[in-house]
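Single-letter residue listing:
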Amino acid sequence: MTTSIQKITTGIATREGTAEDNADAAKVYVLADGTVGAAVIDGIGHGPHTSRTAPLLAEVAARISARRGPLAGLLTAAELIADPGADGEEADAVAVAARAYPDDDVMVVNWTGDARAYGWTGEHLELYTDDHTVGAQLRANGVALEIAREHDNWLKTSLARATVGTVYAAGIRDRLVILTSDGVHDQVTADAMEALVREHADDPQALADALVAAAEVDGDGYRDDATVVVLKV
């Protein structure tokens, strides 16, 4: 009896925001057996130092995620920025990474900070991660939404400070998984995201492009860097 190996198709897109240069980065890496590692890095702050480092973090996280899993991928990337450096200004970031085996029913995702992973059930878009922010913690403890919202930019953890205990994990059975930086999920409504997934679910690259393009400026004219990786089994 012969068995066929499912193919994992991917899409990747990033779009610079309105502040300086792009501090986001993303990478997909494919092993010889078809296993895929993927990572989205959202650099904290802007400027040349962060923007130069983010692609390196994404490359390391994706490659190690494919070989050793996304927990190892993120922790290895974290080691690159764990020391503040001679000038005390080493980059920091939040991140989400995934590993997908061609013939496995579960895709493993790890994250730290407020980068996210969504899955498309075939009927609706499901969020599988929780933001590691003070705002999210306050909401979980019943604090009024208008108060909690003011603390959404206060991170409880970051990649440079990542440990086994602060990099959370999720197993996703959906056959379409979306990794996003907050420039997407904070500036595209949940309904708009779901509508785009419905429209482009069969084309990961078109979906990645559409999600990034949908990010709009806020009331102050600010639009964050927006980055997406889509993985479809």
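## Some details on the pattern of salt bridges
Part 1 of the reasoning: Evaluation of the coordinates by the stated rule reveals 4 salt bridges.
Part 2 of the reasoning: Across the pair E59 and K27 runs a salt bridge whose closest N-O atoms are separated by 3.7 Å. One end of the pair, E59, is in helix α1 (residues 48–68); the other, K27, is in strand β2 (residues 24–30), and 32 residues separate them in sequence.
Part 3 of the reasoning: Since its relative accessible area comes to 27%, K27 is described here as partly exposed.
Part 4 of the reasoning: With its nearest N and O atoms 2.8 Å apart, the salt bridge here joins D131 to R116. You can see D131 sitting in the loop between β7 (125–127) and α3 (134–140) and its partner R116 sitting in strand β6 (residues 116–120), a full 15 residues away along the chain. Like R116, D131 is buried.

## Quick look at the side chain of D24
Part 1 of the reasoning: Relative to the assigned elements, D24 resides in strand β2.
Part 2 of the reasoning: Despite its burial, D24 pairs with no opposite charge; the closest candidate is R223, at 9.2 Å N-O.
Part 3 of the reasoning: In contact with D24, not counting residues within four places along its chain, are T14, I41, D42, G43, A54, S181, D225, A226 and T227.

## Topic: the packing of aromatic side chains
For any pair of aromatic rings, the description consists of the separation of the ring centres together with the inter-plane angle of the planes.
Part 1 of the reasoning: In total, this model carries 1 aromatic pair according to the counting rule given.
Part 2 of the reasoning: Seen from their ring centres, W111 and Y168 are 5.9 Å apart, and the 70° between their planes marks the pair as edge-to-face. Placement of the pair is W111 in strand β5 (residues 107–112) and Y168 in strand β8 (residues 168–172), with a sequence separation of 57 residues.
Part 3 of the reasoning: For Y168, a relative accessible area of 38% gives the class partly exposed.

## Here we look at the packing of helix α6 (residues 190–200) against helix α7 (residues 204–214)
Part 1 of the reasoning: Axis separation between α6 and α7 bottoms out at 9 Å; the angle between their running directions is 155°. Here α6 is positioned roughly antiparallel relative to α7, judged by the angle of their axes. The two elements α6 and α7 cross, and the hand of that crossing is right-handed. Touching M193, L196, V197 and H200 of α6 are P204, A206, L207, A210, L211 and A214, all from α7.
Part 2 of the reasoning: A breakdown of the residues in the contact of α6 with α7 according to their chemical character gives 9 nonpolar, 1 polar and no charged.

## Concerning the sheet that holds β5
Part 1 of the reasoning: Within the open sheet, the 5 strands sit side by side as β2-β3-β4-β5-β8. Their pairing is antiparallel. Unpaired on one side and paired on the other, β2 and β8 mark the two borders of the sheet. With direction set aside, neighbouring strand axes in the sheet form an average angle of 15°.
Part 2 of the reasoning: Relative to strand β3 (residues 36–43), β2 is paired through 7 bridges, and the arrangement is antiparallel. Bridge pairing in β3 places A26 opposite V40.
Part 3 of the reasoning: Across the sheet, α1 touches β2, β3 and β4 (93–100), and the angle it forms with β3 is around 155°.
Part 4 of the reasoning: Of the strands in this sheet, β4 and β5 touch helix α2 (residues 70–81), which is tilted by about 30° from β5.

## Concerning the environment of D182
Part 1 of the reasoning: Take D182: it is sitting in helix α5 (residues 182–185).
Part 2 of the reasoning: The exposure class of D182 is buried, given its relative accessible area of 10%.
Part 3 of the reasoning: With 67 residues separating them in the primary sequence, D182 and A115 have C-alpha atoms 6.0 Å apart.
Part 4 of the reasoning: Beyond its immediate sequence surroundings of up to four residues, D182 is in contact with D42, D114, Q187 and D224.

Criteria and thresholds
Residues numbered from 1 in each chain as written. Predicted model: local features only at pLDDT ≥ 70, side-chain atom pairs only at ≥ 80, totals over all residues. Heavy atoms only, no water. Salt bridge = Lys/Arg side-chain N within 4 Å of Asp/Glu carboxyl O. Helix = DSSP H or I, 4+ residues; strand = E, 2+ residues; numbered from the N terminus. Buried < 20%, exposed > 50% of the residue type's maximum accessible area, 1.4 Å probe, protein only. Lys, Arg positive; Asp, Glu negative; His and termini not counted. Contact = heavy atoms within 4.5 Å. Phe/Tyr/Trp six-rings, centres within 6.5 Å; stacked < 30°, edge-to-face > 60°. Axes fitted to C-alpha atoms, helices over the stretch in contact; angles between N-to-C directions. Parallel < 35°, antiparallel > 145°, perpendicular 65-115°, else oblique. Left-handed = near helix turned anticlockwise from the far one by under 90°. Nonpolar A, V, L, I, M, F, W, Y, C, P; charged D, E, K, R; others polar. Pairing = 2+ DSSP bridges.

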